[in-house]
Structure formats: structure tokens, C-alpha cells
Amino acid sequence: MKNTKVFFHHFIYTFSSNFFKLIFHVIIILIMPKLIGVTEYSYFQYYTLLSNYIVYFHFGWCDGIYLRYVGINYKNYQKKIISNQFWGSCLWGLSISMIILTFIAVLPLDLERKWIFLWLALLTAIVIPQIMLSVILQASSRLKESSQMILIEKNIYGFFLLLIIGLGVRQYRYMILGDILGRVTSLGFGMYTCRDIIFHKCGIDIKKFKEEVKKNFQVGIFLLVANLTGVLITGIPQFFIENKWGINAFGYISFSLNLSKMIMIVINSISIILVPFFRNSSEDKLRQIYPKINSILMVILFGILLVYYPLRGILIYWLPEYQLSIKYLALLFPVCLFESKTAMLLNTYLKALREEKKMCIGNVATVGISFMISVINIYTSNSLTVTIVGIPVFLAIRKIILEFLIDRRLKIVKWKDSVIEIALSVIFMIVSWNYHGWISMIIYFCSACGYFYYKREVIHYLWNLLKQKWNKSLEVR
């Protein structure tokens, strides 16, 4: 009962902050394109894509701290060690920033890209210590404070966007400035929250500091590579699109991908909570609950795909200049399905089982496939559509590889479910691409109903669980 209450409180904290983050992303994705031109929005998306890679410039340092300290009470942290690690991360961020500035001076970049890389250099000095504080809070289950860091960052960013919109400013550079200000404020709040540790009066033991950094790198590097390659699976085709078809085509496809990934914001909040709980579960327990969690998750996700049909109609009316994005959304919307399952279930299980190396191998293999197929397509068929179709295909390949690794570790067999999931995803893509309106929705809805019937026992279990929770809430009132 106590664990259930703790889980519920953690869920409320992380879900609320990430729900606000979701609302913020809806504004960025749906409102900003209406206010600024396609080119301006495309450059902003280019900055956003590159900033997603900046967060990995700690090279596993922060991931190592998370994996080594997850589940340990905040009060039991060794203040001297954590304090030294934090200030070391600050110096590391500044060093990486200087390297980026050097590259800007050397590389023949156009003016817009120079501006973007200048902002990225500044972002690096901020985001690495920010991530360090975030993982310290998450590892010790101080999810309320970790969630507040997100809320503060997005509140400042959102207020700044409203301000510049009210002033009639329509340049992407000011949007980037708002992002930087939000992150600086979030970092300041994190430092205040962890002040008893990071401002701990202690000297630095160089030998001990080096040993800790080495351990964190060794433990975290595999998780970092796994996470980075996970981002590269969709990032590589995007870079090829920008290079081959220009910044506007890149902006259109990024718009579609962002819409597809919105649900990931909420899913990631749940996965953060699950890792410590799964870590404390036996392998037998993990084996027992894995099929049930998988079935519940997939029923929800295949239901979410129905959102595509009303969303498409709204977008056609709201953003008619993004016709290309809306067209390719039919092929990219299943990205949310594959990404969500990987983030919430597969990666979470592999982390709990301390199988970061296997997760890394699966992602690296998929990135290799993504790169080779993208290169072959660019120099043979030269087709934007084939390049875009490759994105959900690559994510499906990664899903299959990671499922195989988990199935082999837990000694379970569920290949039938995997085949059915892929088949239903393909049906969605084919009917949504070739048919429009009611026809495509009815075909997919009937296919999904067949899947729901196949999983009727799980749906019945989920319904009874929700009904039970609802009745309990009424009793409390």
C-alpha cells in the first residue's frame, strides 16, 4: 500500500509537469507556425534538432550518476562527492562551449547557421550542469523538485514567447533566446534546491574526483550511446532531408515528426517513475508483469492512433501552408507508437535489468541500418517519400531487436504479439496514405477493433482496475 501511494504521488508530480510541457509543445508546434514564416520556423526546428544532441555532450557522466545512485535516499548522498561532480560538470560544459566556438570560427557556415551554433555553444554551458542536477533529483526520487525544474523552464520560455508575440516579433532567434532564459532559470532553481550539496564547504580530492568521474563514465557510456543512437535513428534521415531537399523541406518533415512525438512527453514521465520501482523487483516478478504491461500499453497506443483522423482535418484548416507536413503525417504518426513502447517499456526494462550494453548494441545496429539505407536511397531512388517511410521502419526494427533481447533474458516468447503490432501499424500507414476521410478511418478502426478483441482480457482487466480506482475515490469523498 505504501509503495502504491508513493508511486501515485510520484506519478502526479511528473505527469503534471510533463502535461504542462505537452501543452507548451502544442503551442510551439501548432501556434508558432501560424505566426512565423515556414523558413523562420524551419531554422527554429534546425536549432531544436541540434539542441537534442547537445544534451549528450556529458558523454555518459550524468547517466553514470543516475545508474549508480538511483534508489538511494537524497540524505544519504555523499555531499563532497556530488558537489565535486556538479562543479566538474560546469567546467566540462564551458570546455565544450569553447570547442563549439572554435568550430564556428573555422567552418564555412552561412550567417543563419553561425547564429544557431552560437546559441548552441551558450546552451551547452547551461544544459550539462542542468542535466546533472536533474538526474541527482530523479535518482533520489525527489520527483517533485525535478518536475518543478521543468515547470519553471517552460513557464519562463512560454512567458517570453507570449511577450514577443504581443510585441509583434516574428523572428526565430528570439524564440531561441526564450529557450536559453528558461534553461538558465531552471538551472538556478536546481542549484537552490540542491544547495546543501553543491555549496557544501569541502575541498576537492583530485584522486577521488578522477575515480568517481571514471566510474560514472564507465557505467553511463553505454546508456548514453543507447540514448544518443536512439535519437539518431530519426535524426539521420532528417539531416539527409535538410542537406538534399533544403531547409523548408526539413521544416515540413520536422513539423510532422514533432506532432507524432508529442505523446512521448507524457510517456517519458511515466518511464522515469518506473525505473526505480522495477529496479527493486525480482527478475521473476518482471517476467510475470511484462506481457501484461506490454498488452495494456499497446491497446492504449493503437487507440491513440485514431487521433490522427480528426487531427488531420484540423491541421488542413488551421495550417494550409503545411500541406506537405499533413500529407506525410500519415506515414510518420506511427512513430509515436514505436517510440512510446521503446521508451516506456523496452528501455525501462533493460535499465532495470542493468542491460545497458544490450540496449546500446540494439540501437547502434539500428543506426547503422538507418545510415546505410538513407545513403542508398539518396543516391539511387532520390525519393523524399522513401526517406520518410524509412523513419518508422527503422524504429520498428529497433523495437523488434530490443524485444528479442528482453525475451531472451526473461525467457519468454511473445513473437505473435510483435507480428500483430507491426501488421496493424502497416495497415494504418497504407490506408491513411492512400485514402482520406471516413474511408481510411473506418478501415483502421475495424482493424483496431480486431486487435482489441484479441486483447479483450487485458481491456477487461484495465476497465475493472479503473472502475475500482474510481469507486475508491468516491468513497474517500
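Residues numbered from 1 in each chain as written. Predicted model: local features only at pLDDT ≥ 70, side-chain atom pairs only at ≥ 80, totals over all residues. Heavy atoms only, no water.

1. So, the overall build of the protein
So, step 1. The helix and strand tally for the protein stands at 19 helices and 0 strands.
So, step 2. Across the 477 residues of the protein, 51% fall into the buried class. (Helix = DSSP H or I, 4+ residues; strand = E, 2+ residues; numbered from the N terminus. Buried < 20%, exposed > 50% of the residue type's maximum accessible area, 1.4 Å probe, protein only.)

2. Observations regarding unusual backbone geometry
So, step 1. A positive phi angle, near 55°, is found at Phe59, a position not held by glycine.
So, step 2. Here Phe59 shows up in the loop between α2 (38-54) and α3 (61-69).

3. Overview of helix α5 (residues 111-139)
Residues that lie three or four places apart on an α-helix share one face, since the helix turns once every 3.6 residues.
So, step 1. Here α5 spans 41 Å end to end across 29 residues, near enough to the 42 Å set by a 1.5 Å rise per residue.
So, step 2. Its maximal kink placed at Leu123, α5 deviates by approximately 30°.
So, step 3. For α5, the tally of buried residues reaches 22 of 29 residues, placing the bulk of the element in the interior.
So, step 4. Measuring from the backbone nitrogen of Glu112 back to the side-chain oxygen at the start of α5 gives 3.1 Å, which picks out Asp110 as the cap.
So, step 5. Count one or two residues on from α5 and you reach Ser141, which has phi positive near 60°. (Expected span 1.5 Å × (residues − 1). Bend = angle between axes of the 7 residues up to and from the residue. Polar contact = N/O pair within 3.5 Å; in protein donor to acceptor, adjacent residues only side chain to side chain.)

4. Quick notes on the nonpolar core
So, step 1. Counting residues in hydrophobic clusters, the biggest one holds 132 residues, and the most contacted among them are Tyr47, Met175, Phe255, Phe302, Leu315 and Tyr444.
So, step 2. For this core, the element with the most residues is α5, which contributes 15 residues.
So, step 3. If we skip the residues at most four places from it in the chain, Tyr47 touches Ile116, Trp119, Leu120, Leu123, Ile176, Asp179 and Ile180. (Core = buried A, V, L, I, M, F, W, Y, C linked by side-chain atoms within 4.5 Å. Contact = heavy atoms within 4.5 Å.)

5. Here's the deal with α3
So, step 1. With respect to burial, α3 is a largely interior element, 8 of its 9 residues being buried.
So, step 2. Where α3 is concerned, the buried positions are Trp61, Cys62, Asp63, Gly64, Ile65, Tyr66, Leu67 and Tyr69.
So, step 3. Taken from the residues just after α3, Gly71 is the one with a positive phi, measuring 95°.

6. Quick notes on the pattern of salt bridges
So, step 1. Applying the stated criterion across every chain yields a total of 12 salt bridges.
So, step 2. The partner of Lys154 in a salt bridge is Glu153, with the nearest N and O atoms 3.4 Å apart.
So, step 3. Residues joined by salt bridges that share partners form a network here, namely Lys341, Lys399, Glu403 and Glu421. (Salt bridge = Lys/Arg side-chain N within 4 Å of Asp/Glu carboxyl O.)

7. Details of a nonpolar patch on the surface
So, step 1. Judged by side-chain polarity, Ile23, Ile27, Ile31, Ile314, Tyr317 and Trp318 come together as a nonpolar surface patch covering roughly 600 Å² of accessible area.
So, step 2. Elements with a contribution of two residues or more to the nonpolar patch: α1 (2-35) and α12 (308-318).
So, step 3. Within the fold, Ile23 resides in helix α1.
So, step 4. Owing to a relative accessible area of 38%, Ile23 belongs among the partly exposed residues under this scheme. (Patch = residues over 30% accessible without salt bridge, like charges linked within 9 Å, V, L, I, M, F, W, Y side chains within 5 Å. Areas by Shrake-Rupley, 256 points an atom, 1.4 Å probe, with all protein chains shown as cover.)

8. Looking at the side chain of Glu421
So, step 1. Within the element layout of this structure, Glu421 appears in helix α17 (residues 415-434).
So, step 2. Its relative accessible area of 1% is what places Glu421 among the buried residues.
So, step 3. A distance of 3.0 Å separates the side chain of Glu421 from the side chain of Lys399, its partner in a polar contact.

9. Focus: the packing of aromatic side chains
Centre distance and the angle of the planes are the two values used to describe a pair of aromatic rings.
So, step 1. As enumerated under the stated definition, the model contains 29 aromatic pairs in all.
So, step 2. Centroid distance Tyr308 to Tyr309: 5.0 Å. Interplanar angle 80°. Geometry classified as edge-to-face.
So, step 3. On the accessibility criterion, Tyr308 (1% relative accessible area) is buried.
So, step 4. Judged by relative accessible area, Tyr309 falls into the buried class, the value being 10%.
So, step 5. Put simply, the rings of Phe57, Phe59, Trp61, Trp92, Phe209 and Phe217 touch in pairs and so form one group of aromatic residues.
So, step 6. Across the ring face of Trp318, the terminal group of Lys34 is positioned such that the distance to the ring centre comes to 4.8 Å.
So, step 7. The ring of Tyr192 carries Arg195 above its face, with NZ or CZ at 4.1 Å from the centroid. (Phe/Tyr/Trp six-rings, centres within 6.5 Å; stacked < 30°, edge-to-face > 60°. Lys NZ or Arg CZ within 6 Å of the ring centre and 35° of its normal.)

10. Remarks on the environment of Leu424
So, step 1. Mapped onto the fold, Leu424 is located in helix α17.
So, step 2. As for Leu424 and Tyr444, which are separated by 20 residues in sequence, their C-alpha atoms are 8.3 Å apart.
So, step 3. Beyond its immediate sequence surroundings of up to four residues, Leu424 is in contact with Phe302, Tyr444, Ser447, Ala448 and Tyr451.

11. What to know about the environment of Leu223
So, step 1. As for its position among the elements, Leu223 is in helix α9 (residues 206-245).
So, step 2. Relative accessible area serves as the criterion here: at 2%, Leu223 is assigned to the buried category.
So, step 3. Taking C-alpha positions, Leu223 is 9.0 Å from Glu355, a pair spaced 132 residues apart along the chain.

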